[in-house]
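# Observations on the three-dimensional arrangement
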Protein chains: 2
Amino acid sequence: TQQLLSEPSPAAPRTRPYRVSTADRSVRKGIMAHSLEDLLHKVRDTLTLADKPFSLVLEEDGTTVETEEYFQALADNTVFMVLQKGQKWQPPSEQGTRYQL
Amino acid sequence: TQQLLSEPSPAAPRTRPYRVSTADRSVRKGIMAHSLEDLLHKVRDTLTLADKPFSLVLEEDGTTVETEEYFQALADNTVFMVLQKGQKWQPPSEQGTRYQL
């Protein structure tokens, strides 16, 4: 049975793995978090953002993740991107991470 | 067993994740909703549309989603686009989010 999909207590979400990229995709780190708030704190520490404001978007399409509820619906190892002031999500193809011949 | 995939009560649809984009694709947000009505309310709040009328279409091809029945048949993480008065769906390619060589 798939234990991971049958978590019985939504009130106490388990700690799960996520990946967080910088806006230019030059740095990507694996971070464990049990909530959006927890992830935001850890991103701040890990990417040494000090007290500069930032938002988290999905790396794949730039979807802003603002609510705990939506965060909890995301899969393990979802890749986030940190956007600081003035930074904008760009599709991966423009930055050379995908190629088609 | 896959608890999350075997919700047994069709009368009370489970809350699912959706993505909602502005008409110019500059903002995309993740929103949880259990019905079309719920999503419409949350879109109004999240994208601060105040009391201006708007419709929801599918981001991929501009299909208008008006009925609860059709909404419930859509997949998790379906991407919607908000169209306000005077706004028209445009294909993604014109806005540079996809490239073909």
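Note that residues are indexed from 1 along each chain, following the sequence as it is written. Written order determines the labels here, with chains lettered from A and ligands numbered from 1. Thresholds applied to this predicted model are a pLDDT of at least 70 for local features of residues and 80 or more for the giving and counting of side-chain atom pairs; totals over whole chains, interfaces and linings are not thresholded and use all residues. Each side-chain value is worked out from all heavy atoms of the structure, with water and hydrogens disregarded.

### Observations regarding the side chain of Arg16(A)
All names here are of chain A. Structurally, Arg16 can be placed in strand β1 (residues 16-21). We call two N or O atoms a polar contact when they sit within 3.5 Å, provided that within protein one can donate a hydrogen and the other can accept it, with sequence-adjacent residues counted only if both atoms are side-chain atoms. Polar side-chain contacts of Arg16 include one of 3.3 Å to the backbone oxygen of Gln72. Side chain to side chain, Arg16 and Asp76 meet in a polar contact 3.0 Å long. Ignoring any residue separated from it by four or fewer positions in sequence, one finds Arg16 in contact with Ile31, Met32, Ala33, Phe71, Gln72, Leu74, Ala75 and Asp76. Strands are runs of DSSP state E lasting at least two residues, helices are runs of H or I lasting at least four, and both sets are numbered from the N terminus onward. Every residue pair with non-hydrogen atoms within 4.5 Å of one another is taken to be in contact.

### Side note on the sheet that holds strand β2 (residues 28-33) of chain A
Strands pair in a sheet through their backbones, by hydrogen bonds, and they do so in one of two ways: parallel or antiparallel. All names here are of chain A. Strand pairing requires that DSSP identify at least two bridges connecting the strands. Reading across from one edge, β2-β1-β4-β3 is the order of the 4 strands in this open sheet, with mixed pairing throughout. A single partner strand is all that each edge strand has here, and the edge strands are β2 and β3 (54-58). The average angle at which neighbouring strand axes cross in this sheet is 35°, direction not considered. Inspection of the sheet shows β1 paired to strand β4 (residues 79-84) by 3 bridges, in the parallel sense. An axis is simply a line fitted to the C-alpha atoms; with a helix, the fit covers only the stretch in contact. Between two such axes, the angle follows the N-to-C directions and lies from 0 to 180 degrees.

### Thoughts on the pattern of salt bridges
Any carboxyl oxygen of Asp or Glu that lies within 4 Å of a side-chain nitrogen of Lys or Arg is treated as forming a salt bridge with it. Within the structure shown, the criterion is met by 14 salt bridges over all chains. A salt bridge links Arg25(A) to Glu59(A); its shortest N-O distance comes to 2.5 Å. Taken together, the residues span a long stretch of sequence, with Arg25(A) in the loop between β1 and β2 and Glu59(A) in the loop between β3 and α2 (68-73) at a distance of 34 residues. Between buried and exposed lies partly exposed: a residue is buried under 20% and exposed over 50% of the maximum accessible area for its type, with that area taken using a 1.4 Å probe on protein chains only. The exposure class assigned to Glu59(A) is buried, which follows from its relative accessible area of 10%. Among the charged side chains, a network of salt bridges with common partners joins Glu60(A), Asp61(A), Arg19(B), Arg25(B), Arg28(B) and Glu59(B).

### Thoughts on the packing of aromatic side chains
The aromatic pairing rule takes the rings of Phe, Tyr and Trp, using the six-membered ring of Trp, and pairs them if the centres are within 6.5 Å, calling planes under 30 degrees apart stacked, those over 60 edge-to-face and the rest tilted. The tally for this structure, following the rule as stated, stands at 6 aromatic pairs over all chains. Plain terms: the ring middles of Tyr18(A) and Phe71(A) are 4.8 Å apart, the flat faces sit at 40° to each other, and that makes the pair tilted. On the criterion of sequence distance, the pair formed by Tyr18(A) in strand β1 and Phe71(A) in helix α2 is long-range, its members being 53 residues apart. Look at Tyr18(A) and you get buried, because its relative accessible area is 2%. Each ring, one from Phe71(B) and one from Phe80(B), has its centre 5.9 Å from the other, and the planes form 25°; the classification is stacked. A relative accessible area of 0% places Phe71(B) in the buried class. Among the aromatic residues, ring-to-ring pairing joins Tyr18(A), Phe71(A) and Phe80(A) into one connected group.

### Looking at the nonpolar core
Inside soluble globular proteins, nonpolar side chains tend to come together where they are buried. Counting residues in each nonpolar core, the largest one holds 19 residues, and the members touching the most others are Val20(A), Leu39(A), Val43(A), Leu56(A) and Phe80(A). The residues touching Val43(A), leaving out its near neighbours within four places in the chain, are Val20(A), Ile31(A), Thr48(A), Leu49(A), Phe54(A), Leu56(A) and Val82(A). The criterion is simple. A nonpolar core is a set of buried Ala, Val, Leu, Ile, Met, Phe, Trp, Tyr and Cys residues joined through side-chain atoms within 4.5 Å.

### Some remarks on helix α1 (residues 36-46) of chain B
Residues and elements named next belong to chain B. Of the residues making up α1, those classed as buried are Leu36, Asp38, Leu39 and Val43. In an axial view of α1, the angular spread of the buried residues amounts to 150°, which keeps them on one side of the axis. Relative to its buried face, α1 has exposed residues pointing more than 90 degrees away, namely Glu37 and Asp45. Along its buried surface, α1 packs onto β1 (16-21), β2 (28-33), β3 (54-58), α2 (68-72) and β4 (79-84). The reported arc concerns the directions from the helix axis to the C-beta atoms and nothing else.

### Section: the environment of Leu39(B)
Structurally, Leu39(B) is set in helix α1. Leaving out residues up to four positions away in the same chain, Leu39(B) has contacts with Tyr18(B), Val20(B), Ile31(B), Ala33(B), Leu56(B), Phe71(B) and Phe80(B).

### Quick look at the pairing of β4(B)
Residues and elements named next belong to chain B. Of all 6 residues in β4, 5 are buried, a share of seventy percent or more. Across 5 bridges, β3 lies against β4 in antiparallel orientation. By the bridge assignment, Ser55 is partnered in β4 with Leu83.

These values are about where atoms sit, not about what they do.
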